[in-house]
Protein chains: 2
Amino acid sequence: MADIPTAAISRLVTYLRILEQLESNEVSRTSSNDLAERAGVTAFQVRKDLAYFGRFGTRGMGYTVPLLKRELMRVLGLNQTWNVVIIGTGRLGQAIANYPGASDYRFQYVGLFDINPELIGKEVRGLSVKHIGSLSEFVQEKANTSGRVDMGFIAVPPEQAQAAAQTLVEAGVKGILNFAPIVIQPRTLERAGLHEPADEWHGVIIENVDFLAGMKRLAFYILNPHLKITDTEEHA
Amino acid sequence: MADIPTAAISRLVTYLRILEQLESNEVSRTSSNDLAERAGVTAFQVRKDLAYFGRFGTRGMGYTVPLLKRELMRVLGLNQTWNVVIIGTGRLGQAIANYPGASDYRFQYVGLFDINPELIGKEVRGLSVKHIGSLSEFVQEKANTSGRVDMGFIAVPPEQAQAAAQTLVEAGVKGILNFAPIVIQPRTLERAGLHEPADEWHGVIIENVDFLAGMKRLAFYILNPHLKITDTEEHA
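Residues numbered from 1 in each chain as written. Chains lettered and ligands numbered in written order. Predicted model: local features only at pLDDT ≥ 70, side-chain atom pairs only at ≥ 80, totals over all residues. Heavy atoms only, no water.

Quick reminder of the rule: UniProt positions are given in the numbering used here, feature names are shortened, and annotations may be inferred rather than shown by experiment.
Per an unreviewed UniProt entry, chain A goes by Redox-sensing transcriptional repressor Rex and derives from Deinococcus xinjiangensis. Taken from UniProt, the Subunit (unreviewed entry) comment for chain A reads in full: "Homodimer."

1. Looking at the relation of the copies chain A and chain B
Filter applied, for reference: For this overlay, a least-squares fit was computed on C-alpha atoms, restricted to residues scoring pLDDT of at least 70 in both copies. Contact criterion: two residues are considered in contact whenever any of their non-hydrogen atoms come within 4.5 Å of each other.
Laying chain A over chain B is done by rotating through 180 degrees and shifting 0.0 Å along the axis; what remains is an RMSD of 0.0 Å. Viewed as a symmetry operation, the transformation between the two copies matches a two-fold axis. For chain A, the smallest separation between a C-alpha atom and the rotation axis is recorded for A:R91, amounting to 2.8 Å. In this assembly the copies share their binding face: 99% of the residues contributing to the interface of chain A also contribute to that of chain B.

2. Describing the interface of chain A and chain B
Note the threshold: Accessible-area loss on putting two parts together, using a 1.4 Å probe and summing over both, is the definition of buried area adopted here. Salt bridges are defined by distance alone: a side-chain nitrogen of Lys or Arg within 4 Å of a carboxyl oxygen of Asp or Glu. Labels follow the DSSP assignment, with helices taken as runs of H or I lasting at least four residues and strands as runs of E lasting at least two, numbered in each case from the N terminus. Polar here means any residue other than Ala, Val, Leu, Ile, Met, Phe, Trp, Tyr, Cys and Pro, which are nonpolar, and Asp, Glu, Lys and Arg, which are charged; Gly is therefore polar.
Opposite the 86 residues of chain A that make contact, chain B presents 85 residues. Interface of chain A and chain B: buried area, both sides summed, is about 7,700 Å²; carbon and sulfur atoms make up 64% of it. Our count for the chain A to chain B interface comes out at 4 salt bridges. Between B:R17 and A:D210 there is a salt bridge, with the nearest N and O atoms lying 3.9 Å from each other. With 11 residues, the top contributor of residues to the side of chain A that touches chain B is helix α9 (residues 213-223) of chain A. Looking at side-chain class alone, the side of chain A that touches chain B contains 48 nonpolar, 19 polar and 19 charged residues.

3. Considerations on the confidence of the model for chain A
Residue and element names in this part refer to chain A. This is how it is decided: pLDDT is a residue-level measure of predictor confidence that goes from 0 to 100.
When the pLDDT values of chain A are averaged, the result is 88; 89% of them are 70 or greater. Contacts of residues 189-199 to residues separated by more than four positions or lying in other chains number 18 contacts, the stretch itself having pLDDT below 50. Counting contacts from residues 230-236, a segment whose pLDDT is below 50, to residues more than four positions away or on other chains yields 19 contacts. In the predicted complex, the global pTM is 0.89; the interface-specific ipTM is 0.91.

4. Comments concerning the sheet that holds strand β3 (residues 82-87) of chain B
Residue and element names in this part refer to chain B. Cut-off, in case you're wondering: Pairing between strands is defined by DSSP: at least two bridges between the two strands are required. Every axis corresponds to a line fitted to the C-alpha atoms, with the helix fit spanning only the stretch in contact, and the corresponding angles, defined between N-to-C directions, vary from 0 to 180 degrees.
What the 6 strands build is an open sheet, ordered β7-β4-β3-β8-β9-β10; its pairing is parallel. Every interior strand has two partners, whereas the edge strands, β7 (130-131) and β10 (205-208), have only one. The pairing of strand β9 (residues 175-178) with β10 spans 4 bridges and is parallel. Across the sheet, I176 pairs through a bridge with I206, a residue of β10. Strand contacts of helix α5 (residues 91-98): β3, β4 (107-114) and β8 (151-154), with the helix running at about 160 degrees to β3, the strand carrying the most contacts.

5. Considerations on the UniProt feature "binding site: NAD(+)" (unreviewed entry) in chain A
Residues and elements named next belong to chain A. Just so we agree on the cut-off: In the cavity and pocket records, a cavity denotes points on a 1 Å grid over the protein atoms alone where a 1.4 Å probe fits but cannot get out, a pocket denotes an open set with protein on both sides within 12 Å along at least 5 of 7 lines, and lining residues are residues with an atom within 4 Å of a point.
UniProt's entry tags G88, T89, G90, R91, L92 and G93 with the feature "binding site: NAD(+)" (unreviewed entry), counted in the numbering of this structure. Considering only the annotated residues already named, the ones lining the second largest pocket are G88, T89, G90, R91, L92 and G93. With respect to the helices and strands, the residue T89 is situated in the loop between β3 (82-87) and α5 (91-98). When near neighbours in sequence (up to four residues on either side) are disregarded, T89 contacts Q94, L112, F113, D114, L119 and V129. Looking at the secondary structure, you find G93 in helix α5. Not counting residues up to four positions away in its chain, the partners in contact with G93 are I86, G88 and A155.

6. Side note on unusual backbone geometry
Phi at B:R106 is positive, roughly 60 degrees, even though this residue is not glycine. Even without glycine at this site, B:R125 takes up a positive phi of about 50 degrees.

7. Quick notes on the UniProt feature "domain: CoA-binding" (unreviewed entry) in chain A
Following the UniProt record, the feature "domain: CoA-binding" (unreviewed entry) maps to residues 77-183 of chain A here. Helix makes up 30% of residues 77-183 of chain A and strand makes up 26%, while its end C-alpha atoms are separated by 25 Å.

8. Remarks on the packing of helix α1 (residues 6-24) of chain B against helix α2 (residues 32-39) of chain B
Residues and elements named next belong to chain B. The line we're drawing: Note that the term roughly parallel is reserved for angles under 35 degrees, roughly antiparallel for angles over 145, roughly perpendicular for angles of 65 to 115, and oblique for everything else.
Packing of α1 against α2 brings their axes to within 10 Å, and their N-to-C directions diverge by 105 degrees. The angle between the axes of α1 and α2 places the two elements in the roughly perpendicular class. Together, T14, Y15, I18, L19 and L22 of α1 and D34, L35, R38 and A39 of α2 make up the contact between the two elements. Across the contact of α1 with α2, the residue classes tally to 6 nonpolar, 1 polar and 2 charged.

9. Description of the sheet that holds strand β7 (residues 130-131) of chain A
All names here are of chain A. Overall, parallel pairing links the 6 strands, which are arranged β7-β4-β3-β8-β9-β10 in an open sheet. Pairing within the sheet leaves two strands with one partner each, and these edge strands are β7 and β10 (205-208). Of the pairings in the sheet, the one linking β3 to strand β8 (residues 151-154) comprises 4 bridges and is parallel in character. Pairing of I87 across the sheet is with I154, part of β8.

10. Some thoughts on helix α1 (residues 6-24) of chain A
Residue and element names in this part refer to chain A. Applicable threshold: Working rule for helices: expected span equals 1.5 Å times residues minus one. Per-residue accessibility, obtained with a 1.4 Å probe over protein chains only, is compared with the maximum for each type, and a residue is labelled buried under 20%, exposed over 50%, and partly exposed between these values.
For α1, with 19 residues, the first-to-last C-alpha span of 28 Å sits near the 27 Å given by 1.5 Å per residue. Counting buried positions over the 19 residues of α1 gives 14, a clear majority of the element. Backbone geometry just downstream of α1 places E26 in the positive-phi region, at approximately 60 degrees.

11. Things to note about the packing of aromatic side chains
Our working rule: Ring pairs are drawn from Phe, Tyr and Trp, using the six-membered ring of Trp, whenever the two centres fall within 6.5 Å, and their geometry is named by plane angle: stacked under 30 degrees, edge-to-face over 60, tilted for the rest.
The tally for this structure, following the rule as stated, stands at 17 aromatic pairs over all chains. Ring geometry for A:F53 versus B:F220: centroids 6.1 Å apart, planes at 90 degrees, classification edge-to-face. Here B:F220 lies in helix α9 (residues 213-223) and A:F53 lies in the loop between α3 (43-51) and β2 (63-64), a pairing that spans two chains. Just as A:F53 is buried, B:F220 falls in that class too. Put simply, the rings of A:Y99, A:Y109, A:F153, A:F179, A:F211, B:Y99, B:Y109, B:F153, B:F179 and B:F211 touch in pairs and so form one group of aromatic residues.

12. Some details on the pairing of strand β4 (residues 107-114) of chain A
Residue and element names in this part refer to chain A. For clarity, the threshold we go by: Handedness is read with the strands pointing away from the viewer; a crossover is right-handed when the path from the first strand over the helix to the second is clockwise.
Burial within β4 is extensive, with 7 of its 8 residues counted as buried. Of the pairings in the sheet, the one linking β3 to β4 comprises 6 bridges and is parallel in character. Following the sheet pairing, W82 is matched in β4 by F107. After leaving β3, the chain enters α5 and then returns to the sheet as β4, a path that is right-handed. Relative to β7, β4 runs parallel, the two being bridged by 2 bridges. Bridge pairing links D114 to H131 in β7.

The following block contains the structure:
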């Protein structure tokens, strides 16, 4: 696969969301112009992004919504099951566990973990919160029985986030989605002295969510409303 | 101001987050190369994005972290107070109200509203949840006394999101941040028959948060780890 910019992957996720919205509105056809307008990018960008992954649609006739949606889900890896554990089961962790739609993409929450004794044993979405100390054992058992644990979502206070990430790495997950208000990177853990150069971090993917990004963008656009609608970035 | 692509604004928010992280690690200088690597874009893109807003740093010497951070906060409108109401005070609304950092950007939650009788009167962050029916009056009172209500955050179930948005528009907020799993656009409300062509929506900015975007990206990068690190998009 050719080198694909991370920004293109983010846009694919945006296009997928648009396609879902179209599908739920029973709209069966779309075009690069239509997707572009809804995504706030140029039609050229849409076609370029899709072209990384194949030939979609018919020139001059646009795309069939359910087909393109299915293709993007395949590209993004969303036609397989992903087993997820959540670390941190306060309000945010519970909000994540209860947020609608994850199962549409075959994300299954298989375990919830916390350090707070008051939360251990709490029932959330049919799962009983366990102590974080039992995470590794839990992942091992899962690997031996019903399948791997692929991802860990971190929803703990910022000062606990790096340790939660380390625990997930040691437990053997492949990817971490960090909702805590601090950026976690493998090198960050090195500098924090938590371990030696990141052998066991090799291959673990970390995505940091900027939970406050939307409100910061909103502030800008309230002050500059004329810039909200279109994307006028020129492309060669 | 020249036309600035929406993608550039999103990147500015990313650069700001990086600068905060650097500042909290007591790193006082950075460069477009450094910011680029951390942001997953090219140094050219960083310089181009910053150039929309002024001349920063010293050629060949990079940027002073606290100065650049302050400038980006000014550009993004984060050096003024934003008064926010939250619609929907279940787990997600409470998680938003309690998420650390909003006050660092002078976002102040001034009111919480819900439709669920069991939540009315509940204390969250020192605020007592009110019924959504009192929102307009609340905003009016605020305008007459301690200042406007600028933004409404929507954290309700998807089927209630558009009505919540309509209520916020009628109450007079300038911007809406929608965390519900449905895309809200002014034209959506037209089609839903909620009102005639969007006179009162003129000027109301809507940002839709894709709460599940991070996990979809993570799935892709777990399957394609070699694409995670760098942004190789060529720029003219």
